[in-house]
Amino acid sequence: MLVYYSDVFKKHVPPFRHPEAPDRLDYLVEGVLEAGAVVKEPEMRADAWDLIYAVHDKSYVDYVKRICERGGAEIDGDTYISPGTCDAAALSVSAVANAIDKREVALVASRPPGHHAGFVGRALTAPTQGFCIFNTAAIGALYLGEGVAVVDIDVHHGNGTQEILYAKDLLYISTHQHPATLYPGTGYPEEVGEGRGEGFNINIPLPPEAGDDIYVKVVDEFIIPILRQYNPKLVIVSLGWDAHRDDPLGDLNLSLKGYLYAIDAILKLQKPTVFLLEGGYNRSVIKRGTKALIRLATAGEFAPGEAQTESAPGVYKRFEELAVEVRRYTGRYWRL
Ligand SMILES: [Zn+2]
């Protein structure tokens, strides 16, 4: 497994105490080293900014560049730009494009995160950009251009990725805490895509406190059957560790066992797969999750180090109602 990492990704620095801070990557790299892997410094691509301009509105990209040049700023209540943000973002896009070119299994350990960033920054009806600057996952998907599936297992809906891919026949599957209970407030099952993209946008909202038992069903009954039917050339995983029960921002109850179950099922499809770091704010979870991911991808070792979590009966019942809704919309396009 290729692991792309650079200290440049730590040049995106908050002006004050913030959960999305550079030290997240220190913990991630510790996990990489404990797994016995090495990190590879990505090469900055000459076309990195072209790839960003190809996806985001020119006015928005120009605005971000200007703020980098002028010393940084808070651009909304959640999101900041620092002088090093633009280098970090361009190298992040470079790493994803290079990983896609290699057609292997790779982890891109970069910041800033991206899945909430839409065409002009703030996506759909979200109140803020949710720590995200450019949508690295969507940029990667559109760089390859066809046959890409983006699987988003961050606790938050990837509203930016949805917005950018909504009219494209590229598959986007997102599992996330129910939008009525968490930022960014989108990600309902009826958001199925439009035009050529109709049927290719799949939202699977989960009730707060959902555990691994629910997640296993989501993987087996939705994610994997749909991925098999789509038969992607390449899978991009928007990997956020914030659905973990110990994360300070989300209210889901997954353990690393639930995560590893999903990751294992995706890897068993035997497709080139690029894991891309999105959220996840418990440093220990980032470290141990990264280690478990790499041990699984490199040695086939399923060792999450945590026991499966079970959902309370009321939570499970709520999930079953939501699953009926997902089937009602998604079942028009896919055999479930
Ligand atoms: Zn998140």
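Not measured: the values here are computed from a predicted model.

Draft legend 1. Layout of unusual backbone geometry. Following arginine 111, the chain continues into proline 112 via a peptide bond in cis, with omega recorded as -10°. You can see proline 112 is positioned in the loop between strand E4 (105-108) and strand E5 (117-118). A cis amide bond links tyrosine 183 with the next residue in sequence, proline 184, at an omega value of 5°. Mapped onto the secondary structure, proline 184 falls in the loop between strand E8 (171-177) and strand E9 (201-206). Backbone geometry places arginine 103, a non-glycine residue, at a positive phi of 55°. One can find arginine 103 in the loop between helix H4 (85-102) and E4. Overall, the relative accessible area of 43% leaves arginine 103 in the partly exposed class. In this structure, asparagine 231 is a non-glycine residue whose phi angle is positive, near 50°. Examined against the element boundaries, asparagine 231 turns out to sit in the loop between helix H7 (212-230) and strand E10 (234-239). What makes asparagine 231 partly exposed here is its relative accessible area of 49%.

Draft legend 2. How the structure looks around the sheet that holds E9. In space, the 7 strands of this open sheet follow the order E1-E4-E11-E10-E7-E8-E9, with parallel pairing throughout. Looking at the sheet topology across the chains shown, the edges are occupied by strand E1 (2-4) and E9. Here the strands of the sheet are splayed against their neighbours by 15° on average, with no regard to which way each runs. As paired elements, E10 and strand E11 (residues 273-277) share 5 bridges and run parallel to each other.

Draft legend 3. Representation of the UniProt feature "domain: Histone deacetylase" (unreviewed entry) in the protein. Mapped onto the present numbering, the UniProt feature "domain: Histone deacetylase" (unreviewed entry) falls at residues 18-295. Spanning residues 18-295, this segment combines 40% helix with 15% strand, and its end C-alpha atoms are found 30 Å apart.

Draft legend 4. Region of interest: the pattern of salt bridges. In total, this model carries 21 salt bridges according to the counting rule given. The partner of aspartate 87 in a salt bridge is lysine 11, and the shortest N-O contact between them spans 3.1 Å. Of this pair, aspartate 87 sits in helix H4 while lysine 11 sits in the loop between E1 and helix H1 (23-34), placing them 76 residues apart in sequence. Salt bridges linked by common partners bring Glu30, Glu34, Lys287 and Lys291 together as one network.

Draft legend 5. Seen up close, the coordination of the zinc ion. Bound to the zinc ion on the protein side are Asp154 (OD), Asp154 (OD), His156 (ND1) and Asp242 (OD), at distances that span 1.9 to 2.7 Å. Coordination at the zinc ion comes from 4 donor atoms whose angles at the metal span 52 to 151°, giving a geometry best classed as irregular. Sequence positions of the donors to the zinc ion reduce to the motif D-x1-H-x85-D. Here the residue aspartate 154 occupies a position in the loop between strand E7 (148-152) and helix H6 (159-165), and aspartate 242 occupies one in the loop between E10 and helix H8 (256-267), the gap between them amounting to 88 residues.

Calculation rules
Residues numbered from 1 in each chain as written. Predicted model: local features only at pLDDT ≥ 70, side-chain atom pairs only at ≥ 80, totals over all residues. Heavy atoms only, no water. Helix = DSSP H or I, 4+ residues; strand = E, 2+ residues; numbered from the N terminus. Buried < 20%, exposed > 50% of the residue type's maximum accessible area, 1.4 Å probe, protein only. Pairing = 2+ DSSP bridges. Axes fitted to C-alpha atoms, helices over the stretch in contact; angles between N-to-C directions. UniProt positions renumbered as here; feature names shortened; annotations may be inferred. Salt bridge = Lys/Arg side-chain N within 4 Å of Asp/Glu carboxyl O. Donors = N, O, S within 2.8 Å, 3.2 Å for Na, K, Ca; no water. Tetrahedral: all angles 85-135°; square planar, octahedral: opposite > 155°, others 65-115°.

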